[in-house]
Each structure stands twice: as structure tokens, then as C-alpha cells.
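# Coordinate analysis (summary)
Single-letter residue listing:
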Amino acid sequence: MKLTLNNKTPHAVESACIVVGVFEDEPLTGAAADLDKASSGAISAMIESGDIDAFRGRTTLLHGLPGVKADRILVTGLGEADRFDRVRFDMACMSAGAFLREHSVTEAHICLHEAECEDLDLAWRLRHAGIAFDRANYVYTTTKPRKDDSPHPLKSVSFQGDADLEDAIRQAEAIAAGYRRARELGNLPPNICNPAYLAQQAKSIAEAHERVDVDILKKKDMAALGMDALLAVGQGSENGPRLIVLKYNGAGDEEQPVALVGKGITFDSGGISLKPGANMDQMKFDMCGAATVLGAFEACVLLNLPINLITIVAAAENMPDGRAYRPGDVLTSMSGKTIEILNTDAEGRLVLCDALTYCERFNPRATIDVATLTGACVVALGHHASGLMSPHDDLAEELIGAGRVSVDRAWRLPVWEDYQQQLKTPFADMKNVGGMPAGAITAGCFLSRFAKKQRWAHIDIAGSAWKWGEAEGATGRPVGLLTQYLINQS
Ligand code: BES
Ligand code: MN
Ligand code: ZN
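Residues numbered from 1 in each chain as written. Chains lettered and ligands numbered in written order. Predicted model: local features only at pLDDT ≥ 70, side-chain atom pairs only at ≥ 80, totals over all residues. Heavy atoms only, no water.

## Side note on the domain arrangement of the protein chain
Assigned domains within the protein chain: domain 1 (2–159) and domain 2 (175–489). Taken over C-alpha atoms, the centre of domain 1 sits 37 Å from the centre of domain 2. Residue-level contacts link 14 residues of domain 1 with 19 residues of domain 2. Regarding the contact of domain 1 and domain 2, the summed buried area is about 1500 Å², with carbon and sulfur atoms giving 54% of it. Of all residues in domain 1, Arg-86, Arg-135 and Tyr-138 bury the most surface against domain 2, accounting for 40% of the area lost on that side. Seen at the junction of domain 1 and domain 2, the total is one salt bridge. A salt bridge links Arg-180 to Asp-134, with the nearest nitrogen and oxygen atoms 2.9 Å apart. At the junction of domain 1 with domain 2, the criterion picks out eight residue pairs in polar contact (both at pLDDT 80 or more). (Domains from an automatic or database assignment. Contact = heavy atoms within 4.5 Å. Buried area = accessible area lost by both parts, 1.4 Å probe. Salt bridge = Lys/Arg side-chain N within 4 Å of Asp/Glu carboxyl O. Polar contact = N/O pair within 3.5 Å; in protein donor to acceptor, adjacent residues only side chain to side chain.)

## Things to note about the layout of surface pockets
Estimated volume of the second largest pocket: approximately 750 Å³. Contributions of two or more residues to the lining of the second largest pocket are made by β9 (258–268), α10 (348–359), α11 (375–381) and α13 (439–448). When residues in the lining of the second largest pocket are grouped by element, the largest group, three residues, is from α11. Each residue belonging to the lining of the second largest pocket can be placed in one class, and the counts come to twelve nonpolar, twelve polar and seven charged. (1 Å grid on protein atoms, 1.4 Å probe; cavity = no way out; pocket = protein on both sides within 12 Å on 5 of 7 lines; lining within 4 Å. Points joined across faces, edges and corners; volume = space filled by probe spheres on them. Helix = DSSP H or I, 4+ residues; strand = E, 2+ residues; numbered from the N terminus. Nonpolar A, V, L, I, M, F, W, Y, C, P; charged D, E, K, R; others polar.)

## A short note on the coordination of the zinc ion (ligand 3)
Bound to the zinc ion (ligand 3) are the protein donor atoms Lys-263 (NZ), Asp-268 (OD), Asp-286 (OD) and Glu-347 (OE), situated 2.0 to 2.4 Å from the metal. One way to put it: the six donor atoms around the zinc ion (ligand 3) meet at angles of 78 to 174 degrees, and that makes the site octahedral. Positions of the donor residues of the zinc ion (ligand 3), expressed as sequence spacing, correspond to K-x4-D-x17-D-x60-E. In this structure the manganese ion (ligand 2) is found 3.2 Å away from the zinc ion (ligand 3), and Asp-268 serves as a bridging donor for the pair. Highlighted residues: Asp-268 in strand β9 and Glu-347 in the loop between β12 (338–340) and α10, separated in sequence by 79 residues. (Donors = N, O, S within 2.8 Å, 3.2 Å for Na, K, Ca; no water. Tetrahedral: all angles 85-135°; square planar, octahedral: opposite > 155°, others 65-115°.)

## Looking at the coordination of the manganese ion (ligand 2)
Protein coordination of the manganese ion (ligand 2) is provided by Asp-268 (OD), Asp-345 (O), Asp-345 (OD) and Glu-347 (OE), with donor distances spanning 2.0 to 2.2 Å. Every donor counted, the six donor atoms about the manganese ion (ligand 2) form angles of 70 to 167 degrees at the centre, which fits irregular coordination. Between consecutive donor residues of the manganese ion (ligand 2), the sequence gaps follow D-x76-D-x1-E. Residue Asp-268 is classed as buried on the basis of its relative accessible area of 2%. (Buried < 20%, exposed > 50% of the residue type's maximum accessible area, 1.4 Å probe, protein only.)

Here you go:
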């Protein structure tokens with residue numbers, strides 16, 4: 001989708017559809033007021049008669065208004081003016097975007113970012129609207145192509161505004177591309193998107209950009225490094241594991257990098273501790289941590305951020321097989337710490353622990369891992385917030401702040417020492433499950449043992465990474481949070 005700027009008076013803009021916002025019980029402002037005046041009060045008359053509903057997220061399509069050049073106007077409800085915040089702003093953009101997608105509007109002119117919102121400046125509102133419209137316009141088509149009679153996607157949108165907003169537009173395009181990459185990878189079926197496929201994707205990102213290098217470690221390389229935890233998870237599958245390392249040099253060789261580490265289980269059957277059959281297909285999304293760190297990496301490169309960034313993906317398929325690892329096994333991780341396996345379905349922490357140890361060599365100034373790690377996180381926070389864990393208050397606050405700004409929110413859970421005892425076992429340095437209480441936290445505690453030498457945070461996206469049901473699929477979260485964090489670091 002192409003994003004441009006247009007600063008003509010709204011009623012003079014030639015477009016298939018102008019998108020404007022209206023508040024409940026407030027006089028019309030901005031583009032809505034301009035179109036209303038040009039059409040001799042047509043919009044206010046329809047609000048008066050109840051034909052336009054300004055309730056937040058409601059959309060009403062108007063055709064052929066006199067005095068207005070555009071063919072249609074999409075009036076989007078913004079709700080009560082005094083309760084309008086970034087979350088409602090995001091929601092208004094998304095529902096207007098969904099309307100356009102469903103109604104085959106292929107070209108539109110957007111004015112929603114005019115609406116003042118908290119203390120957010122025009123550039124933020126424009127950038128956020130650009131990302132939201134692109135996200136709302138995404139439909140997965142790779143293994144189900146659009147039919148002739150299916151709705152046509154938006155091809156281009158212009159935003160009301162002057163040329164000085166060009167930077168915000170370019171940022172929106174970069175971040176939207178990161179979201180798209182993440183969603184597409186998340187949605188692909190596990191017979192296509194396996195560890196080798198993820199490695200191939202990383203290679204193609206590296207080939208497309210000058211300042212990007214890639215390393216792919218295969219079984220032998222990992223064995224030489226002693227990554228027995230990661231290898232164990234992958235050993236029950238025909239699709240061998242990969243450790244994927246992308247490096248972006250945007251700040252010269254002296255600067256410490258930021259590191260992102262993603263869980264890339266391309267299918268999680270549970271292994272010998274086999275999952276129940278119902279909804280097992282959803283475990284194709286168990287590589288969304290990997291997908292989103294790749295998406296954030298790509299956005300960072302497209303934004304040309306003056307930072308160094310390392311992105312590590314621990315990719316494996318967790319399958320039951322004659323060679324699979326089993327409950328009772330004791331593994332020696334790359335760090336030298338031993339792990340007793342009590343459940344082969346707690347595999348994410350095993351691939352991540354070796355990736356975190358490997359990450360030490362880059363001496364990052366911050367290391368953030370992203371993973372669909374625990375069902376317990378979904379129980380704790382549902383689908384709205386990602387779970388954030390870190391022993392470092394400043395890093396936790398930076399990440400939560402980035403989530404607030406990007407409307408891709410995370411909520412902190414404690415990783416106090418008190419929880420560590422749940423990982424005790426007589427047979428190894430730790431076991432890989434901590435029992436029923438605080439399952440998301442004990443998973444975070446497990447990871448913390450491998451990140452002691454780093455300024456580290458963990459984001460559990462088990463609830464936020466995808467939406468159940470037909471149309472939705474992967475959300476691309478937390479690409480927004482991560483890119484905002486990287487922007488703030490630069
Ligand atoms: N990938 C799952 C976590 C998951 C489950 C994410 C459902 C989203 C929805 C992870 O590998 C897993 O199976 N975790 C187990 C851990 C348990 C065995 C300690 C879980 O959450 O049940
Ligand atoms: Mn699992
Ligand atoms: Zn998993």
C-alpha cells in the first residue's frame with residue numbers, strides 16, 4: 001500500500017473516499033466541518049437525524065455529496081471527545097481501515113489524524129494512522145489467493161497534510177512493512193515455514209540491504225558450541241533446527257548493539273509430552289517471536305536507524321519421534337548448566353536459553369527475547385497485553401513506555417527470586433517446568449538464569465501474537481513496541 005500526503009482542502013480532494021472522524025455531541029471540526037460546509041450541512045443533518053452514529057468505531061458511508069469532489073465519505077465515530085485517547089484513536093483507524101478493505105475501496109484520502117489526542121503530536125498521529133490502515137488492509141493470500149469476487153485491497157492512500165510530514169509517512173511505511181513481514185511468516189503453514197524457511201527469509205533480508213549480514217548455524221555448528229538444549233528440541237523432527245543471526249550495522253563498529261532474540265518453534269506438537277488434538281494447528285504460530293523480531297529488524301533497517309542491532313532466531317520443530325528427547329532426560333546447555341526435562345512441551349525456554357548464551361558474545365547494551373512461551377500468560381493477561389518480565393526496572397519501563405506510545409501494550413510481571421525455587425530438582429541445576437502456580441513467571445525465571453550477564457527483558461506474546469478464528473491470524477505484535485523501543489534508542 002502506497003502512502004502519500006495531500007494538503008488540498010478536503011472538499012476539493014479528488015478521491016474514491018475521504019475518511020473523516022466525528023465526536024459524539026460535539027460540533028464538527030477539521031475535514032468533517034469543511035465537507036459539511038461545502039455540502040450545505042449534509043453531514044450535520046445526518047447526525048441530527050441519527051443516520052450517522054458517532055459512537056467509537058462506528059462507520060457510515062455517504063455517497064455523492066453536493067459540493068464535494070470525492071465520490072464517497074466514510075464518517076468514522078470517535079466517541080466522547082473527553083475520553084478520546086491513543087487506544088481509541090488506534091481503534092478508529094483500524095475500523096475505518098477494515099471498512100475500506102471489506103468494501104473494495106482501492107484508493108482513499110484519510111483525515112482521521114486531525115483529531116487531537118492526549119499530548120500526541122500530528123506526526124505521531126499520522127504515523128500511527130498510516131500503520132493502522134496498512135495493518136487493517138492486510139489479508140493473507142499466499143495459500144488462498146484472492147478470487148475475482150473477493151474484495152479488492154487498498155492500493156494507495158493519501159493523508160491530509162503538508163510536505164513537512166513526509167518523515168512520518170516514511171516511518172509508517174517502514175514499520176508497516178515490519179508488521180507485514182511478521183504476520184505473513186506467522187500465518188504461513190508449518191509445512192512451508194520450517195526452520196530452513198526462516199533461515200532463507202533472514203538471508204533474503206540480508207541480501208536486500210547493504211549494512212546487513214547474516215549467519216546461519218546448523219546442527220553441526222550448534223553441536224560444536226554445545227547447544228544441547230536447542231538441539232534436543234529439534235532432534236525429533238526431520239526439519240533440522242537453525243540458529244539464525246542477523247546483524248545490522250547502523251552506528252559503526254564501536255557501538256554496543258541492541259539484541260532481539262526470538263522463539264522460532266515452527267510447529268509445537270508438544271513432542272513426547274504430546275499436546276491434545278484440539279487446536280493443535282494453532283501451534284504453527286509458535287514461531288511468532290521469531291517472526292516479530294525479524295519484522296522489527298526489517299523495520300529498523302528500513303528506518304535507517306543509527307544503531308547496531310543483532311537479531312537471533314532459535315528455530316526448531318518440536319515433534320515426537322524415535323529420536324525425540326523425552327521426559328527424564330538431562331541436557332547440558334551451552335552455558336554448562338544442566339536441565340532436567342519434565343515436560344517436552346516446555347521447549348521454548350530450551351531453545352531460548354542457548355540463544356541467550358550465544359548472544360553474550362555480542363556484548364549487547366540490552367537483550368530482549370520475544371516468545372509465545374506459556375499458556376499461563378494467556379490466562380494471566382488475555383489477548384490484550386504482552387507479558388513483560390525483567391529484573392532491570394529501567395529496561396522494563398523503557399519497553400512498557402514504547403508499548404504505550406505504539407499502542408502495542410505490555411504489562412509487567414515480577415521475576416522475583418522467590419519464584420526460582422519452583423525450578424529445583426535433585427537431578428540437575430534446574431528442571432524445565434515450575435508447576436502450576438505462576439507458569440509465565442517461572443518460565444521467565446528459567447530464562448533469567450541464562451541472561452545474568454546481560455541487561456535482559458523477556459516478552460511473552462502467547463496471548464497477543466495471534467487472534468483465533470477465520471479471518472484474523474497473526475497480529476504482528478509486538479513489532480510496534482519493539483520498533484518504538486529501537487527508535488527511542490537511536
Ligand atoms: N507454545 C506453548 C505455549 C502456548 C500455549 C502459547 C498456548 C500459546 C497458546 C509452549 O511451548 C508450551 O507448550 N508451554 C507449556 C508449558 C508447560 C508445559 C510448563 C504450557 O504453557 O502449557
Ligand atoms: Mn510447547
Ligand atoms: Zn511452544
